Every structure is written in C-alpha cells, then in structure tokens.
Amino acid sequence: MIEKINWNISGAFCKSDIILKFFRENNLFSTFKSISVYDGVSRCLWNGGRMHYDNTPAQSIKEDYYKIGWGINLTFSNFDIDLKDPLGNELLHEFHKEGNGIILVNENFRKYLRKNFPKYKLIHSVTGCGHVQELPLRDRDVDFYLDLQDKYDLVIPRCGSTFDPKLRRLNKEKTEIMVNDTCILNCPLYHEHFKKISDSNRLGNDWDDKIAECYIDKDIFDKTISREKRILRDKYPFDFGKEGILRLLDEGFTNFKISGRDESEENFLSDLRRNLIYGSE
C-alpha cells in the first residue's frame, strides 16, 4: 500500500545531507511512488512560510536529486509577489522542468506561472488558509478548498482538518496532507503570523526570532495543544505518524507532506522516522 504514497519533504537545500543519508541508511529510495523536496532560496523576496536564512542550492545538490528522480519545489509563498523581481525570475528559469513545482498563494503569480512556466506543478500553500476553520470544517471552508483545487495541482489544507468528515468532499488526488504540523487547533494568529513572515522576507530582513517563532505564550501553547490532543486524539489525530497515514491511504489520500525546515536535526530525523519507516509491511 505505501508504494502509492507521494511525499513532499522539507529542507531540500538546508537539510539535503540529512535527507539523503536517511534514505540511504534505511534503503527507502524505491519504497514510495514519488519523492519531492521543498525549500526556499537565500534572499529571494518571494520566499514565504519561513524566515530568510542562508540557503543556497548548490548545483551538485540539484543533480543528486534529479539523478534519483526527485522533484524540487520552491517555496515562493509570499503573500505579495513582484512579478518583475530578477532573482525570482532567474530561479524560475533555472528550475523549470517537469517534476518540479512552486508552492504559492498569490493569484497573480499563479496566472503568471501558468502562462510562462507551464512545466511547474502548482501547490497552494497552507499558509494561505489562515481564515479557514480547522475543526469543525464549515461548508464555506470546504468550498474554499474546492475552488483552489480548480486552480492548483495540489492544495494543502490545514492539518487539524485532516480527519474531519467534510474534508472527504475534496478531490483526494489534488489534496496534500501535512503530517506533522504542531500549531494549536484553530490558531487565531495563524494568518497574522505568516503575513508578518511574508512582509519581513519581502523587505529582505534577517532572521528575527520574534517573527519566526509562534506568537502564542509557550505555557498557553503547551497546555492548549496537550488538552486538544488528549480530548481529540482518537477521532482527530495530530502528528499522526504512520498509523494515521495508513488510515488515510485506505480512504484514497496519497499525497503527504513533512514540514520542519527550521527544526533541529534531532527533531527533523524524528519526524522522518515516525512517518517514513514502515517495517516489513
């Protein structure tokens, strides 16, 4: 069953050594249907999702991925995109090939890509879903996702909605499930947080912990997420690992995403082990 899975794994450039070593040591290269990796590029004003950090894609890294048939997805998910930006357009030309993709949220940018760079797979980022209620999903939330699926090749819904029955109304082939989001359920600051990251990146600012890290008080965050997991974990698992993935495969979902570009090596490896190791089944 797991040979049907398409994985999109974070850290294409900043964690390339970790990812490739993990796949090599665990003999995973032929385990899944497809693998793609995603990341941003240093100082590109189109970056979104995570703060700017030193992240330059060496030609050897790209060649390593292409040799094993992996795609590369660029995280150009800034809310505001200057279509004339020279670095952004240079990168679009550099990575424009079948199997690669762009993660984005800006509508004008989507149209620009469809017209000028048709080889890219277009993935709508979860960062553009801040107004969507995770649990329970409302009809208007589902309609929002369905409208996006008419425009994009893949859409990433907010993680807390994964096991809501209404999510089954989406086109499963065009839905990418994030398996390890750690934000609290229905976070009231979700959009505000990613908007500030987007604005900071577009201005070319350096890493700022006050913007990069969760806005919610840590004690409140820990208590809230623990309570939610305890109350809802049987019906709506969070960070659900292989058990949840197998359950979703049974339902027809095949596209999954692992986040963690800014995680420590230890935490990142823990997420890889929890979600990619399936024993002998």
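You'll find the structure just up there.
For every chain, the first residue of the written sequence is number 1, and numbering continues from 1 along that sequence. The predicted nature of this model means local features are confined to residues of pLDDT at least 70 and side-chain atom pairs, given and counted, to a pLDDT of 80 or more, with totals for whole chains, interfaces and linings taken over all residues. For side-chain calculations, the full set of non-hydrogen atoms in the structure is used, while hydrogens and water are omitted.

### Considerations on the overall build of the protein chain
Convention followed: Each helix is a run of DSSP H or I of at least 4 residues and each strand a run of E of at least 2, with the numbering of both proceeding from the N terminus. Just to be clear, the radius of gyration here is over C-alpha atoms, and the globule rule we use is 2.2 Å times residues to the power 0.38. Three labels apply to residues, based on accessible area from a 1.4 Å probe with only protein chains included: buried if under 20% of the type maximum, exposed if over 50%, partly exposed otherwise in between. Contact between two residues is taken to exist if any of their heavy atoms lie within 4.5 Å; hydrogens are not considered.
Broken down by element type, the protein chain carries 10 helices and eight strands. The C-alpha atoms of the protein chain give a radius of gyration of 18 Å, which matches the 19 Å a tight globule of 281 residues would have. Expressed as lengths along the three principal axes of its C-alpha atoms, the size of the protein chain is roughly 50 × 40 × 35 Å. By the burial criterion, 54% of the 281 residues in the protein chain qualify as buried. Taking contacts inside the protein chain between residues at least 6 apart in sequence as the whole, the part at least 24 apart equals 74%.

### Re the layout of surface pockets
Stated precisely, the cut-off is as follows: The way it works is a 1 Å grid over only the protein atoms, where trapped points that fit a 1.4 Å probe form a cavity and open points with protein on both sides within 12 Å along at least five of seven lines form a pocket, and then any residue with an atom within 4 Å of a point lines it. Grid points are joined across faces, edges and corners, and a volume is the space filled by probe spheres set on the points. Under the convention adopted here, Pro, Cys and the residues Ala, Val, Leu, Ile, Met, Phe, Trp and Tyr are nonpolar, Asp, Glu, Lys and Arg are charged, and Gly plus all remaining residues are polar.
Approximately 830 Å³ is the volume attributed to the largest pocket. As for the largest pocket, its lining consists of 37 residues, of which R50, D181, T182, D262 and E263 are closest to the centre. Contributions of two or more residues to the lining of the largest pocket are made by α6 (190–202) and α10 (265–276). When the residues that make up the lining of the largest pocket are grouped by side-chain class, the tally is 15 nonpolar, 13 polar and nine charged.

### A closer look at the nonpolar core
This is how it is decided: Residues enter a nonpolar core if they are buried and are Ala, Val, Leu, Ile, Met, Phe, Trp, Tyr or Cys, with the set joined through side-chain atoms within 4.5 Å.
Ranked by size, the top nonpolar core spans 61 residues in total, and within it W7, I9, I102, F256 and L276 carry the most contacts. Aside from chain neighbours lying at most four places away, what touches I102 is L74, F76, L92, F109, L113, Y120, K121, L122 and I123.

### With respect to helix α1 (residues 16–25)
Within the span of α1, buried status applies to S16, I18, I19, L20, F22 and F23. Buried residues belonging to α1 abut β1 (6–10), β2 (34–39), α2 (59–67) and α10. Count one or two residues on from α1 and you reach N27, which has phi positive near 55 degrees.

### Overview of the sheet that holds strand β8 (residues 255–258)
Condition: Strand pairing is assigned whenever DSSP detects at least two bridges linking the two strands.
Strands sit in the order β6-β5-β4-β3-β2-β1-β8-β7 across an open sheet of eight strands; the sheet is parallel. One side of each edge strand has no neighbouring strand; the edge strands of this open sheet are β6 (154–155) and β7 (176–178). Pairing between strand β4 (residues 101–104) and strand β5 (residues 121–124): four bridges, direction parallel. From the neighbouring strand, I103 faces β5, where its bridge partner is I123.

### Here we look at the pattern of salt bridges
We count it as follows: A carboxyl oxygen of Asp or Glu within 4 Å of a side-chain nitrogen of Lys or Arg is what we treat as a salt bridge.
Under the counting rule described, the total for this entry stands at 18 salt bridges. Between K21 and E25 there is a salt bridge whose closest N-O contact spans 3.9 Å. Of this pair, K21 and E25 are both found in helix α1, four residues apart, which corresponds to roughly one turn of the helix. A relative accessible area of 44% places K21 in the partly exposed class. A salt bridge links D141 to R138; the nearest nitrogen and oxygen atoms lie 2.8 Å apart. Among the residues examined, D141 registers a relative accessible area of 2% and is labelled buried. One continuous salt-bridge network, built from bridges that share partners, spans D80, K195, D199 and R202.

### Here's the deal with the environment of Y215
Within the secondary structure, Y215 is located in the loop between α7 (209–212) and α8 (218–232). By relative accessible area, Y215 is classed as partly exposed at 25%. In this structure, the C-alpha to C-alpha distance between Y215 and H193, residues 22 residues apart in sequence, is 7.2 Å. Excluding residues within four positions of it along the chain, Y215 makes contact with L189, E192, H193, K196 and K210.

### With respect to helix α5 (residues 139–151)
Note the following rule: Take the number of residues in a helix, subtract one, and multiply by 1.5 Å to get its expected span. It is the directions from the helix axis to the C-beta atoms that the arc portrays.
Between its first and last C-alpha, α5 extends 19 Å over 13 residues, near the 18 Å set by a 1.5 Å rise per residue. Of all the residues in α5, the buried ones are D141, V142, Y145, L148 and Q149. Projected onto a plane normal to the axis of α5, the buried residues spread over an arc of 120 degrees and lie on a single side. Opposite the buried face of α5, at more than 90 degrees from it, the exposed residues are R140 and D150. Of the surrounding elements, those touching the buried residues of α5 are β5 and β6.

### Here's the deal with the pairing of β8
Both faces of β8 are covered, namely the face carrying N255 and K257 and the face carrying F256 and I258. Of the strand pairs in this sheet, β1 and β8 are connected by four bridges, and their pairing is parallel. Looking at the pairing, N8 lines up with K257 of β8. Sheet analysis places β7 next to β8, joined by three bridges and oriented parallel. By the bridge assignment, I177 is partnered in β8 with F256.

Spatial relationships are all this shows, so hold off on functional conclusions.
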